[in-house]
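Summary of the model geometry
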2 protein chains.
Amino acid sequence: MNKCEQCIVRQLSSLRELTRDELIRISHCKTSKIVKRGEVLFNEGDQVNGVFCIKDGVCKVSKMSENGRDQVIKLITKGDLLGERSLITGGSSNLTARALNDMEICFIPKDEIVRDLKQNNNFTMSMLKDLATSLRDADEVIVDMAQKTVKQRLAETLIHLDNKFPKDDEGYIDVYLTREDIANIIGTATESAIRILSDYKKKGLINFKGKRIIIQDVKGLERIAQKY
Amino acid sequence: MNKCEQCIVRQLSSLRELTRDELIRISHCKTSKIVKRGEVLFNEGDQVNGVFCIKDGVCKVSKMSENGRDQVIKLITKGDLLGERSLITGGSSNLTARALNDMEICFIPKDEIVRDLKQNNNFTMSMLKDLATSLRDADEVIVDMAQKTVKQRLAETLIHLDNKFPKDDEGYIDVYLTREDIANIIGTATESAIRILSDYKKKGLINFKGKRIIIQDVKGLERIAQKY
DNA sequence: GGGATTCTATGATAAATATCAGTTTTTTTC
DNA sequence: GAAAAAAACTGATATTTATCATAGAATCCC
């Protein structure tokens, strides 16, 4: 069994507020798991009876729209927590999580987390701060979705991906997204996303080989994302 | 000075978790205020050094998009809290709040709330639950903005307004929104909102006299909002 | 390693939505 | 209560985006 103490997730998430004793207890009840690319961590409507710690890999968290298209709400990556919101609201998940590549995760049962939330106010406060920040980010997304064009949103998403993910040896953004995934992040038709990507490539803003994308002109993309 | 104990806001918000003693302390440091229609409670970028309790009236909370259009994120009404998120994240507000009609509000200084958050875990947990629920709602909004047509979003907004606000003697929804406000809720041009409203009126789904709107066929609106 | 499948790409067209211009109506203000 | 300002409305047109159809490229899978 791996120690939680040195875990990357502990360093980056609210779990850093747990005391040594609490951490030891968590260490003993957590379970580790490998999730293969394409596999589902949980589905919309599932009861999520705990919190996932992402030790490695990336997953997309999405929600099915009433008209049958999937909307990617966020990408969860190494060091992140997943499922804490459903745990707090108590009900089943409103979102689906699916692995984009092979993942290494731990699962902490609900009761253990709830116990710590009730007893360790620093932990609760840190969680509160995280949620408040997420809400602020959500406001941004809502404004962008409502007011910006598809071209602007794609430019923004490319910048966002460039910031969030590491680069491989040649500088390509290290995340496995199909064109459909990208379209589902910005909320457009796959064909539209493809067309705009090709256009940005032609203009020298980006380059790509298949799914491997590299940003060549961040300033240019920023100009598109901001200027109307 | 009004007692906080019987206040509507206390009944409907996380403040219900405060103990009698905490409430008495809050009672003594809060300030009451009248805000006239059109006045701003706080602007994007302002330091909001406390929490607003809405005793009466309605305000719109919006955010300016980079292309210069205002997006209404939510409507805040009688019984709601306002400003707690900025308080928790610590920084300045990312949103602007403006009164839609005359309002009666109380203001509780930041330090008092923070003190209670640190000492009363029930209060913190309740706040945590509220934020988690708001995040879930935000997910819904993001999906709708990204995937639904303007017609669908307007239908949805009308249903939403019908649920959220009381009705006057004749059954009209009791909220003062211009056509531009409505357009800024659904994220479209004012002219588009006007056209679709007229269309819905012609189809007998709604009726309106000026800003006073009445829903005549909820089922019909639901069908539009859901079916693609 | 070759067939099946999924993914990417492109053109043609249709549909949705924004913009611009101008008019009428309502609301505010003095 | 009249003038000014703001809001609501309508038509014409341009732009954006989705849809449909089809073909080539990459990937998966025995």
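Residues numbered from 1 in each chain as written. Chains lettered and ligands numbered in written order. Predicted model: local features only at pLDDT ≥ 70, side-chain atom pairs only at ≥ 80, totals over all residues. Heavy atoms only, no water.

Time to look at the overall build of chain A. A count of helices and strands for chain A gives nine helices and 10 strands. Here chain A holds 228 residues, and the buried ones make up 52% of them. Of the contacts formed within chain A by residues at least 6 apart in sequence, a portion of 71% connects residues at least 24 apart. Roughly 10700 Å² of accessible area belongs to chain A as shown, and the carbon and sulfur atoms make up 47% of that amount. Separation between the mean location of the 38 positive side-chain charges and that of the 34 negative ones in chain A comes to 3 Å. (Helix = DSSP H or I, 4+ residues; strand = E, 2+ residues; numbered from the N terminus. Buried < 20%, exposed > 50% of the residue type's maximum accessible area, 1.4 Å probe, protein only. Contact = heavy atoms within 4.5 Å. Areas by Shrake-Rupley, 256 points an atom, 1.4 Å probe, with all protein chains shown as cover. Lys, Arg positive; Asp, Glu negative; His and termini not counted. Charge placed at Lys NZ, Arg CZ, Asp CG, Glu CD.)

Along an α-helix, a turn takes 3.6 residues, which lines up residues three or four apart on a common side. Residue and element names in this part refer to chain A. Here helix α8 (residues 190–202) contains 13 residues, and its C-alpha end-to-end distance of 18 Å stays within 8% of the 18 Å for a straight helix at 1.5 Å per residue. Among the residues making up α8, those that are buried are Ala 193, Ile 196, Leu 197 and Tyr 200. Projection of α8 onto a plane perpendicular to its axis shows the buried side chains occupying an angular sector of 105°, all on one side. Exposed positions of α8 whose direction lies more than 90 degrees from the buried face are Arg 195 and Lys 202. Those residues of α8 hidden inside the fold are in contact with α6 (150–164), α7 (179–186), β9 (206–209) and α9 (218–226). Two residues or fewer after α8 comes Gly 204, characterised by a positive phi angle close to 80°. (Expected span 1.5 Å × (residues − 1). Arc of directions from axis to C-beta.)

Let's shift gears to the sheet that holds strand β2 (residues 40–42) of chain B. Residue and element names in this part refer to chain B. A sheet is described by the order of its strands in space; here four strands give the open sequence β2-β7-β4-β5, paired in antiparallel fashion. At either margin of the open sheet sits one strand with a lone partner, and together these are β2 and β5 (70–77). Within this sheet the neighbouring strands show an average axis-to-axis angle of 30°, counted without direction. The pairing of strand β4 (residues 58–64) with β5 spans seven bridges and is classified as antiparallel. Across the sheet, residue Val 61 finds its bridge partner in β5, namely Lys 74. Against the sheet, helix α7 (residues 179–186) touches β4 and β5, its axis set at about 100° to β5. (Pairing = 2+ DSSP bridges. Axes fitted to C-alpha atoms, helices over the stretch in contact; angles between N-to-C directions.)

Residue-level contacts link 46 residues of chain B with 46 residues of chain A. Taken together, both faces of the contact between chain B and chain A bury some 4400 Å²; the carbon and sulfur share is 63%. Between chain B and chain A we count four salt bridges in total. Where Glu 66 of chain B meets Lys 148 of chain A, a salt bridge forms, and the shortest distance between an N and an O atom there is 2.4 Å. Run the count over chain B and chain A and you get 20 residue pairs in polar contact (both at pLDDT 80 or more). (Buried area = accessible area lost by both parts, 1.4 Å probe. Salt bridge = Lys/Arg side-chain N within 4 Å of Asp/Glu carboxyl O. Polar contact = N/O pair within 3.5 Å; in protein donor to acceptor, adjacent residues only side chain to side chain.)

Contacts to DNA strand D come from 19 residues, most closely from Arg 37, Val 150, Thr 188 and Ser 192 of chain A together with Arg 179 of chain B. For DNA strand D, the backbone portion of the atoms within 4 Å of the protein, that is sugar and phosphate, comes to 63%. A distance of 3.3 Å separates a base nitrogen of DNA strand D from a polar side-chain atom of Glu 191 of chain A. In this structure, a phosphate oxygen belonging to DNA strand D sits 2.8 Å away from a side-chain N or O atom of Ser 192 of chain A. For the surface near DNA strand D, the secondary structure elements donating two or more residues are α8 of chain A together with α7 and α8 (190–202) of chain B. Top element by residues in the surface near DNA strand D is α8 of chain B. It accounts for four residues. Among the residues making up the surface near DNA strand D, the classes are represented as five nonpolar, five polar and nine charged. (Near = heavy atom within 4 Å. Nonpolar A, V, L, I, M, F, W, Y, C, P; charged D, E, K, R; others polar.)

Right, let's talk about the confidence of the model for chain A for a bit. On average, residues of chain A score 94 in pLDDT, and 99% of them are at 70 or above. Taking the mean pLDDT of every element in chain A, the minimum, 91, falls on helix α1 (residues 8–12) of chain A and the maximum, 98, on α7 of chain A. (pLDDT = per-residue confidence, 0-100.)

It is worth spelling out the sheet that holds strand β3 (residues 50–56) of chain B at this point. Residues and elements named next belong to chain B. Pairing in this open sheet of four strands is antiparallel, and the strands run β1-β8-β3-β6 from one edge to the other. The sheet is open, and its two edges are formed by β1 (31–35) and β6 (81–82), each paired on a single side. Where β1 and strand β8 (residues 103–109) come together, five bridges link them in antiparallel fashion. Across the sheet, the residue bridging to Thr 31 is Phe 107, located in β8. Taken strand by strand, helix α4 (residues 110–119) contacts β3 and β8, and its axis lies near 65° from that of β8.

Structural alignment of chain B on chain A gives an RMSD of 0.0 Å, achieved by rotating through 180° and translating 0.0 Å along the axis. The two molecules are tied by a two-fold rotation axis, judged by turn and shift. Interface overlap between copies is the fraction of interface residues in one copy that are interface residues in the other; for chain B against chain A it reaches 100%, indicating a shared surface. (Least-squares fit on C-alpha atoms with pLDDT ≥ 70 in both.)

Now for the state of the cysteines. As used here, a disulfide is simply a covalent bond connecting the sulfur atoms of two cysteines. Residue and element names in this part refer to chain A. Applying the stated rule across the entire model yields zero disulfides over all chains. The thiol of Cys 7 is not disulfide-bonded; the next cysteine sulfur, from Cys 106, is found 6.1 Å away. The class for Cys 7 is buried, based on a relative accessible area of 15%. (Disulfide = S-S within 2.5 Å.)

On to the environment of Lys 211 of chain B, then. All names here are of chain B. Tracing the chain through its elements places Lys 211 in the loop between β9 (206–209) and β10 (212–215). Accessibility expressed as a relative area gives 33% for Lys 211, which makes it partly exposed. Through-space distance from the C-alpha of Lys 211 to that of Tyr 172 is 9.5 Å; in sequence the pair is 39 residues apart. Contacts of Lys 211, omitting those with residues within four sequence positions, involve Val 175, Tyr 176, Leu 177, Thr 178 and Arg 179.

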